[in-house]
Amino acid sequence: MYNNQNRGYENIDQNENVAAAPGEERTGFMNKSFKICKLFGIEIHIHVLLPLFFIATLFIWMPMIAQDTDNIGWYFLLILLFNISLWISVLTHELGHCLAGYIVGGHTDKVLLWPLGGLAFTQPPPSLNNADGDNEKRKNQIIISFGGPLTHIPHMILYAILLLWYCG
């Protein structure tokens with residue numbers, strides 16, 4: 001999900017659930033995240049509730065694991081691989097927004113992964129305060145918005161090749 005920093009930061013004091021700008025501390029449990037790495041100069045953060053997603057995935061698979069106790073290790077491996085591939089896909093999607101922002105002249109300070117997906121805090125380049133500037137700003141926001149979903153085309157091709165190989 002693309003998050004235009006200009007809109008998000010204006011309302012930051014009015015809405016406690018809006019993520020903090022880089023370098024700005026927010027209080028409250030729902031606003032906590034921790035930095036895991038930095039890719040291409042962009043800080044990658046994980047929300048504190050993300051581990052709950054991993055636990056929920058485990059509980060969803062529990063009935064099947066209970067019926068097939070001979071393959072518990074394989075189920076745990078499947079759950080681990082599912083979660084890793086899901087969050088790599090979400091991160092790739094968010095980095096697509098970041099790349100699109102970079103292409104139009106903007107920048108991204110932070111990506112946040114949380115239980116409902118991800119947020120790329122991408123700021124488009126400054127624009128003029130006239131009709132041409134408004135059109136340019138809209139065009140840039142559309143390009144940035146499409147950057148994330150376009151990353152799924154290579155995923156689709158890869159998964160199609162793997163499916164053909166497996167079923168082939």
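Look a little higher up for the structure.
Thresholds applied
- Residues numbered from 1 in each chain as written.
- Predicted model: local features only at pLDDT ≥ 70, side-chain atom pairs only at ≥ 80, totals over all residues.
- Heavy atoms only, no water.
- Helix = DSSP H or I, 4+ residues; strand = E, 2+ residues; numbered from the N terminus.
- Buried < 20%, exposed > 50% of the residue type's maximum accessible area, 1.4 Å probe, protein only.
- Contact = heavy atoms within 4.5 Å.
- Areas by Shrake-Rupley, 256 points an atom, 1.4 Å probe, with all protein chains shown as cover.
- Polar contact = N/O pair within 3.5 Å; in protein donor to acceptor, adjacent residues only side chain to side chain.
- Bend = angle between axes of the 7 residues up to and from the residue.
- Core = buried A, V, L, I, M, F, W, Y, C linked by side-chain atoms within 4.5 Å.
- 1 Å grid on protein atoms, 1.4 Å probe; cavity = no way out; pocket = protein on both sides within 12 Å on 5 of 7 lines; lining within 4 Å.
- Points joined across faces, edges and corners; volume = space filled by probe spheres on them.
- Nonpolar A, V, L, I, M, F, W, Y, C, P; charged D, E, K, R; others polar.

Asker: Which parts of the structure should I look at to understand the overall build of the chain?
Answerer: Summing up its helical and strand segments, the chain has 5 helices and 5 strands in all. Taken from the N to the C terminus, the helices and strands of the chain come in the order β-α-β-β-α-α-β-β-α-α. Relative to its full complement of 168 residues, the chain shows a buried share of 35%. Sequence-distant contacts, at least 24 apart, represent 54% of the contacts inside the chain between residues at least 6 apart. Surface accessibility of the chain: about 10,900 Å² in total, with carbon and sulfur atoms responsible for 67%.

Asker: In this structure, what is going on with the side chain of Thr-122? I would like to understand it.
Answerer: Following the sequence through the fold, Thr-122 ends up in strand E5 (residues 117-123). For Thr-122, a relative accessible area of 0% translates into the label buried. Polar side-chain contacts of Thr-122 include one of 2.8 Å to the side chain of Thr-108.

Asker: I would appreciate a short explanation of helix H2 (residues 50-67) in the present structure.
Answerer: Along an α-helix, a turn takes 3.6 residues, which lines up residues three or four apart on a common side. In the structure, H2 departs most strongly from a straight axis at Trp-61, where the bend amounts to approximately 45 degrees and where the proline Pro-63 lies between one and four residues downstream. Every buried residue belonging to H2 is among Leu-50, Thr-57 and Ile-65, and all of these are buried. Buried positions along H2 lie against strand E3 (42-47), helix H3 (72-103) and strand E4 (107-114).

Asker: Help me understand the nonpolar core, please; the structure alone is not making it clear to me.
Answerer: Nonpolar side chains tend toward joint burial in soluble globular proteins. The biggest cluster of nonpolar side chains holds 12 residues, and these are Ile-42, Ile-44, Ile-46, Leu-50, Trp-87, Val-90, Leu-91, Leu-95, Cys-98, Val-111, Leu-113 and Ala-120. Of all elements in the fold, only E3, H3 and E4 reach the threshold of two or more residues within this core. No other element matches H3, which puts 5 residues into this core.

Asker: Even after reading the chapter, I still don't get the layout of surface pockets, so can you show me in this structure?
Answerer: Rolled over the atoms, a probe sized like a water molecule indicates the empty space that remains. Approximately 200 Å³ is the volume found for the second largest pocket. Lining the second largest pocket are Phe-40, Ile-42, Thr-92, Leu-95, Gly-96, Cys-98, Leu-99, Tyr-102, Gly-106, His-107 and Thr-108. If you list the elements that add at least two residues to the lining of the second largest pocket, you get H3 and E4. Partitioning the lining of the second largest pocket into residue classes produces 6 nonpolar, 5 polar and no charged.

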